[in-house]
Amino acid sequence: MKNYIRGKIMFKDCIAFLTGGSSFLGRDIAIRLAQYGAHVIFTYNSNEEKAQEVLAMITASGGSGEIVKLDLLSEKSIIEVFDSLMGKYNKLDFLINNAGIGTPVPTQSLSLSDWEKHMFLNLTAPFLCIKNAIEMLKKSQHGKIVNISSVAALTGGSFGPHY
């Protein structure tokens, strides 16, 4: 899996799946993994144009990747994407759960539907991705799961308890 070139670990022939790869930290992770040799499959929800820009950056730097539209609020959508990955690649080396949302709303103003949306996207969706990726991660014999969260998990803050 690993080749060392100039002190950097290279991930030649590795398959990485990244949620929320079209902006901010996810974009940077996607680009870096591709630079290190991984084939990066990253998701977007609503902004295909930004996802295409990230894919163009990946390919311009000599990397390989692909984008997948994924509604992380839908268990059916998550299952379908991982079934497709299994059919196409049969293994997965990295699962990076990066997608998440946070809306700065005081508790007393938060609706139940907003609470449920935050809980599903920030907690349930990563669980479902892990659940559906486990067999592919095992097939790589060195599969890794990375769950990314906010520093607010440690410090709290103005976003409220739903974040």
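Above this text is the structure in question.
Draft legend 1. Fine view of the overall build of the protein. A tally of regular secondary structure across the protein gives five helices and seven strands. Going from N to C terminus, the protein has its helices and strands arranged as β-β-β-α-β-α-β-α-β-α-β-α. Every one of the 163 residues in the protein was classed for burial, and the buried ones make up 39%.

Draft legend 2. How the structure looks around the sheet that holds strand β6 (residues 94-97). Pairing is parallel across the open sheet formed by five strands, whose spatial order is β5-β4-β3-β6-β7. Every interior strand has two partners, whereas the edge strands, β5 (64-69) and β7 (144-147), have only one. Averaged over all adjacent pairs, the angle separating strand axes in this sheet is 15°, with direction ignored. On top of the sheet, helix α2 (residues 48-60) reaches β4 (39-44) and β5; it is set at about 170° to β5, its chief contact.

Draft legend 3. Layout of unusual backbone geometry. Even without being a glycine, Asp-13 presents a positive backbone phi close to 65°. Within the secondary structure, Asp-13 is located in the loop between β2 (8-10) and β3 (15-18). Overall, Asp-13 belongs to the exposed group, its relative accessible area being 58%. A positive phi angle, close to 65°, is found at Asn-90, a residue other than glycine.

Draft legend 4. The arrangement of the pattern of salt bridges in detail. All chains considered together, the criterion is met by six salt bridges. Across the pair Asp-93 and Lys-91 runs a salt bridge, and its minimum N-O distance is 2.8 Å. Where Lys-138 meets Glu-135, a salt bridge forms, and the shortest distance between an N and an O atom there is 3.8 Å. In this pair, Lys-138 and Glu-135 are both assigned in helix α4 (residues 112-139), three residues apart and thus about one turn of the helix distant.

Draft legend 5. A look at the side chain of Asn-97. Assignment of secondary structure puts Asn-97 in strand β6. A relative accessible area of 3% places Asn-97 in the buried class. Looking at Asn-97, its side chain comes within polar contact range of the side chain of Asn-147, at 2.8 Å.

Draft legend 6. The nonpolar core, seen in detail. Core analysis: the biggest nonpolar cluster contains 21 residues, and Phe-11, Ala-30, Leu-33, Ala-38, Val-40, Phe-42 and Ile-58 have the highest contact counts within it. Top element by residues in this core is helix α1 (residues 24-35). It accounts for five residues. Discounting residues that sit within four places of it in the chain, Ile-58 has contacts with Ala-30, Ile-31, Ala-34, Phe-42, Gly-63, Ser-64 and Gly-65. One finds Val-81, Phe-82, Leu-95 and Ala-125 within the second-largest nonpolar core, a separate group that totals 19 residues.

Scoring rules and cut-offs
- Residues numbered from 1 in each chain as written.
- Predicted model: local features only at pLDDT ≥ 70, side-chain atom pairs only at ≥ 80, totals over all residues.
- Heavy atoms only, no water.
- Helix = DSSP H or I, 4+ residues; strand = E, 2+ residues; numbered from the N terminus.
- Buried < 20%, exposed > 50% of the residue type's maximum accessible area, 1.4 Å probe, protein only.
- Pairing = 2+ DSSP bridges.
- Axes fitted to C-alpha atoms, helices over the stretch in contact; angles between N-to-C directions.
- Contact = heavy atoms within 4.5 Å.
- Salt bridge = Lys/Arg side-chain N within 4 Å of Asp/Glu carboxyl O.
- Polar contact = N/O pair within 3.5 Å; in protein donor to acceptor, adjacent residues only side chain to side chain.
- Core = buried A, V, L, I, M, F, W, Y, C linked by side-chain atoms within 4.5 Å.

Worth remembering: the numbers are spatial, not functional.
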